[in-house]
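Descriptive analysis of the structure
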Amino acid sequence: MRMVTLGELTERTGLDVLEHLAREVAVPVVDGMQAQGDLLLVPMGMLGHVGLGRSWSPHPRWQDVPPEGIELLRSTAGGNPHTLVADPQQCRWTDDVTDPTGLAIGALEATAIAYLIHPEHGATGIAPGRYLVRRQRERALGAPPGRLRSQLFRGGNQFVCD
Amino acid sequence: MSAREFAYEYADGYERVREACALRDEWLAYGLSTRPAERADAEDAVGEIYRLLGEAPPRFEWVASPAAALDAVRDEPGFRGGPLRYTDRPQTARASPLPDRLARMESALRHRLGEAVAEPWTPPWSHRGPLPPGTAAEEALAAGLPVQRVLRTAVGDALKASVADAVRAAVRHSVGTVPGLMTWYGQHDAHWVGHYDVCARVGAARYRAQDAAELRLWARLARATGWWWAAPGRCVMAERPTAVRTEPAPAAAYGEIRLHRDDGPAVRFADGSTVHVLHGTVVPEWVVTGPTVERIHAEANIEVRRSAIERIGWGAYVEQAGLELVGTADDPGNPGFRLSLYDVPAGAWGRPGRLLLTVNGSVEPDGRRRRYGLGVPAHLDDPLDAAGWTYGVSGQQYAQLVRRT
């Protein structure tokens, strides 16, 4: 199987990456855990205590990844999106997940290679399988006491936005 | 003609959308203008607004900046609004302070204009959500979205992000607020004035004659001047800034900007009052002119602290702050780069913690890789545990990371 290059992928999806990223390089396909900036893809098999669906409904609502892809995350300042793209009917996505860390934004199930594209990080291939997608957090070091709300609800943690 | 008929008429109106975007950019230019105020025009428009409120034209007093204006009006009760209580009794409303009546007039106008550009009814099963960020306006139109929705995103929201959220909020933050004191924003009202003006000019809305006339007054002000303050018989007008430095906002789809300047103030007024902003984050002047470890450790605001550290660089910060290295490890999935975990003493950032220094998995446009620091809990001793914690996995699991970009 021939691997696609970043250039081919951006042409096929219409998604842009920054100029400095090498377009002629083949996009690696990874079947294990991988990080794209502030997102982590973890094979479901690596995780305990994480379930698809919610306590009141164990069956997650899947949606097919449409031709234009799904934006999994975009930083609060309207910044760069992580977009999941795949061939038709080869990948589905759900945000019906239960994750005790509170970091999951959803899960994907790919039956063929899917791709995650980001303007600064380029593209990465995702081998067929089920993955949980998590955000990255950091401890807000020395958060002043006035930030009670964030301390109460997230233990003084905040999401990383790259 | 109803709003719905307008939508059909221009369902294929790519030309209209392009025209709207060009008009939006004109309004953005007014919002960012650094020319001296066109005083006669501004005074005339304010005089008309006073007349609509049943007041005689005021005496005008021009100052160089919002900060100077605030000094002039701070202790003058005439510029204050009344107590915050709702009333629709006309007599009470007539008797309320002038700033209240002015605010009510403006807000009622915006409400009526908003109704005039309301989106036509569409079936509930059709696409109703906001435009996905980054959708080109033409594309959205082709997908069947009503032209009003497209204009709201491509013109209204875009101008609001650039003018109100980026510039006005930064100036507001730096001059401070005075409870009860009501301010009108001149050029920084360009977001709503511009949106309603553009909608009418591309044929997506038609306003009643009186509303159109009132909108023209606000539009004249937005094209002519900076901020202003109104009291009976007296109006304090501030000049526009003399310099405004911006950069494109991240992933700007509709020409959005944010303030940024790293070798001086992003906004400067003629009297020397300034606003310092780094990539959209309002910071004290020292962050731009002289960031030091001492000042960083005395700073309570996390965003300011991060901006200041990034000014001197995470590596240099760790060195200058004398942070003690707890451990290092190869960064799995990021060959050739290491994770370094440092102890942050309680005195430095308010409470004990640790700092994980990592190297980005992708190169920057300048060919280098960015180092950056992440706060982690103080109990973590192993860099792999610390890196794993940021994603909610164990250090052992993080060690299996195959690739990082």
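Heads up: these notes are all about the structure in this document. (Residues numbered from 1 in each chain as written. Chains lettered and ligands numbered in written order. Predicted model: local features only at pLDDT ≥ 70, side-chain atom pairs only at ≥ 80, totals over all residues. Heavy atoms only, no water.)

A word on the sheet that holds strand 5 (residues 63-64) of chain A. Ordered by their spatial adjacency, seven strands build an open sheet running 5(A)-8(A)-10(A)-13(A)-3(A)-2(A)-14(B), and the pairing between neighbours is mixed. The sheet is open, and its two borders are formed by strand 5 of chain A together with strand 14 (403-404) of chain B, each paired with just one other strand. Pairing of strand 2 (residues 34-36) of chain A with strand 3 (residues 39-43) of chain A, which is carried by three bridges, proceeds in the antiparallel orientation. Along strand 3 of chain A, the bridge assignment pairs Ala 35 of chain A with Leu 40 of chain A. With respect to the sheet, helix 16 (residues 383-391) of chain B is in contact with strand 2, strand 3 and strand 13 (129-135) of chain A together with strand 14 of chain B, its orientation differing from that of strand 13 of chain A by roughly 95°. (Pairing = 2+ DSSP bridges. Helix = DSSP H or I, 4+ residues; strand = E, 2+ residues; numbered from the N terminus. Contact = heavy atoms within 4.5 Å. Axes fitted to C-alpha atoms, helices over the stretch in contact; angles between N-to-C directions.)

Moving on, we come to empty space enclosed by the protein. Enumeration over the complete set of coordinates arrives at two cavities of 30 Å³ or more. Around the second largest cavity sit Gln 136 of chain A together with Asp 331, Leu 339, Leu 356, Thr 358, Val 359, Tyr 372, Leu 374, Ala 387, Thr 390, Tyr 398 and Arg 404 of chain B, which together line it. Contributing elements (two or more residues each) for the lining of the second largest cavity: strand 12 (353-363), strand 13 (369-376) and helix 16 of chain B. The leading source of residues in the lining of the second largest cavity is strand 12 of chain B, at three residues. Tallied by class, residues from the lining of the second largest cavity come to seven nonpolar, three polar and two charged. (1 Å grid on protein atoms, 1.4 Å probe; cavity = no way out; pocket = protein on both sides within 12 Å on 5 of 7 lines; lining within 4 Å. Points joined across faces, edges and corners; volume = space filled by probe spheres on them. Nonpolar A, V, L, I, M, F, W, Y, C, P; charged D, E, K, R; others polar.)

Among the nonpolar cores identified, the biggest contains 83 residues, and Ile 49, Leu 102, Tyr 207, Trp 218, Trp 228 and Trp 229 of chain B are the most heavily contacted of them. The element contributing the most residues to this core is helix 8 (residues 147-175) of chain B, with 13 residues. Ignoring sequence-local partners within four residues, the contact set of Tyr 207 of chain B consists of Leu 113, Ala 116, Val 117, Tyr 196, Cys 199, Ala 200, Ala 212 and Leu 215 of chain B. Counting 25 residues, the second largest nonpolar core, distinct from the first, contains Val 97 and Ala 104 of chain A together with Leu 339 and Trp 389 of chain B. (Core = buried A, V, L, I, M, F, W, Y, C linked by side-chain atoms within 4.5 Å. Buried < 20%, exposed > 50% of the residue type's maximum accessible area, 1.4 Å probe, protein only.)

With that settled, the discussion passes to the packing of helix 2 (residues 14-31) of chain B against helix 9 (residues 190-201) of chain B. Residue and element names in this part refer to chain B. Relative to each other, helix 2 and helix 9 sit at 155°, their axes nearing to 10 Å. What the angle tells us is that helix 2 and helix 9 run roughly antiparallel. Here the hand of the crossing between helix 2 and helix 9 comes out right-handed. Within the contact between the two elements, helix 2 uses Glu 19, Ala 20, Leu 23, Arg 24, Glu 26, Trp 27 and Gly 31 and helix 9 uses Ala 190, Val 193, Gly 194, Asp 197, Val 198 and Arg 201. Within the contact of helix 2 with helix 9, the residues separate by chemical class into six nonpolar, two polar and five charged. (Parallel < 35°, antiparallel > 145°, perpendicular 65-115°, else oblique. Left-handed = near helix turned anticlockwise from the far one by under 90°.)

All names here are of chain A. Counting buried positions over the seven residues of strand 10 (residues 104-110) gives seven, a clear majority of the element. Taken together, the four bridges between strand 8 (residues 91-94) and strand 10 define a ladder with antiparallel strand orientation. Each bridged residue has a counterpart across the sheet, and for Thr 94 the counterpart in strand 10 is Ala 107. In terms of strand pairing, strand 10 meets strand 13 through six bridges, oriented antiparallel. Bridge pairing in strand 13 places Glu 109 opposite Arg 130.

Count 3.6 residues to each turn of an α-helix, and residues three or four apart come out pointing the same way. All names here are of chain B. Compared with the 20 Å implied by 1.5 Å per residue over 14 residues, the 20 Å span of helix 3 (residues 39-52) between its first and last C-alpha is a close match. Along helix 3, the residues that are buried comprise Ala 42, Ala 45, Val 46, Gly 47, Ile 49 and Tyr 50. Turning to helix 3, the residues buried within the fold contact strand 1 (59-63), helix 6 (98-116), helix 10 (209-224), strand 2 (228-231) and strand 3 (234-238). Just downstream of helix 3, Gly 54 is the residue with a positive phi angle, here 75°. (Expected span 1.5 Å × (residues − 1).)

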